[in-house]
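Close look at the chain arrangement
Chain by chain, the residues run as shown.
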Amino acid sequence: RSPDEAAETVKSVLESVAVPVIVTGHSHFAKINEVMKKFCEVTAGENCLINYVETDNYKTIAAACIAYKHTLVAQSPIDVNLAKQLNILLADMDFPRDRIVMDPLTSTLGYGIEYSYSVMERIRMAAMTQQDEKLQLPMICNVGKEVWKIKEAKISQEEAPLLGDPLKRAILLEAMTALLLLFAGGDILVMRHPDAVALVRGFIKDLMG
């Protein structure tokens, strides 16, 4: 679709809901730059969370977010130093620090989540114990996207009878992955299944109570 069509689609969503909106694009640099630039212009002042920019493609979208007052996701590939580097690059553009959300990239339970966890944990430790301002930013975790694409979330009971009910299995995978990333320091959990969301909300309520 053209940038104009994409912008109108998101604008219609904004007009239909009264909650914060995250706008996510694909990874084709040239196309996504045009789409996000147009979208930011059409929805000036709505302060949407634009997901995402990375080290090799940040200037165009970041400039549009500054001009039209949107918040930005800074995505880096599971590395503390790369996360900090992108935040520094955005700071060099005078991007407001209170409008940056970090995405250090995450995996799912059983697929190397320990590494994701340790990187997030190190980001939080540097931010709090070392007072590193460049890392004192909220983190977003795209849990649903990661969980629902793995084999264990899709394989049928006939194919893998020992894994039990496939729907319950996938819901628990999403909920457990979300809780682990919450413990690691995640602030925003992007989830898909309402039952998984309910499990996590219940846990947070018990924890805070």
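An account of the accompanying structure is given in this report. (Residues numbered from 1 in each chain as written. Predicted model: local features only at pLDDT ≥ 70, side-chain atom pairs only at ≥ 80, totals over all residues. Heavy atoms only, no water.)

**A closer look at the pairing of strand 2 (residues 49-53)**
The buried fraction of strand 2 is high, at five of five residues. Bridge count between strand 1 (residues 22-24) and strand 2: three bridges; the pairing is parallel. Directly across from Thr 24, in strand 2, lies its bridge partner Asn 51. For the segment spanning strand 1, helix 2 (residues 29-42) and strand 2, crossover handedness is right-handed. Direction of pairing for strand 2 relative to strand 3 (residues 71-75): parallel, over a ladder of three bridges. Residue pairing for strand 3: Leu 49 is matched across the bridge by Thr 71. Considered for its hand, the β-α-β crossover made up of strand 2, helix 3 (residues 59-68) and strand 3 is right-handed. (Buried < 20%, exposed > 50% of the residue type's maximum accessible area, 1.4 Å probe, protein only. Helix = DSSP H or I, 4+ residues; strand = E, 2+ residues; numbered from the N terminus. Pairing = 2+ DSSP bridges. Right-handed = clockwise from strand over helix to strand, strands pointing away.)

**Description of unusual backbone geometry**
Of note, the bond from Asn 51 into Tyr 52 is cis; its omega dihedral lies within 30 degrees of zero at 25 degrees. Relative to the helices and strands, Tyr 52 is located in strand 2. Positive phi, normally seen in glycine, also occurs at Lys 69, with a value near 60 degrees. Inspection of the secondary structure assignment puts Lys 69 in the loop between helix 3 and strand 3.

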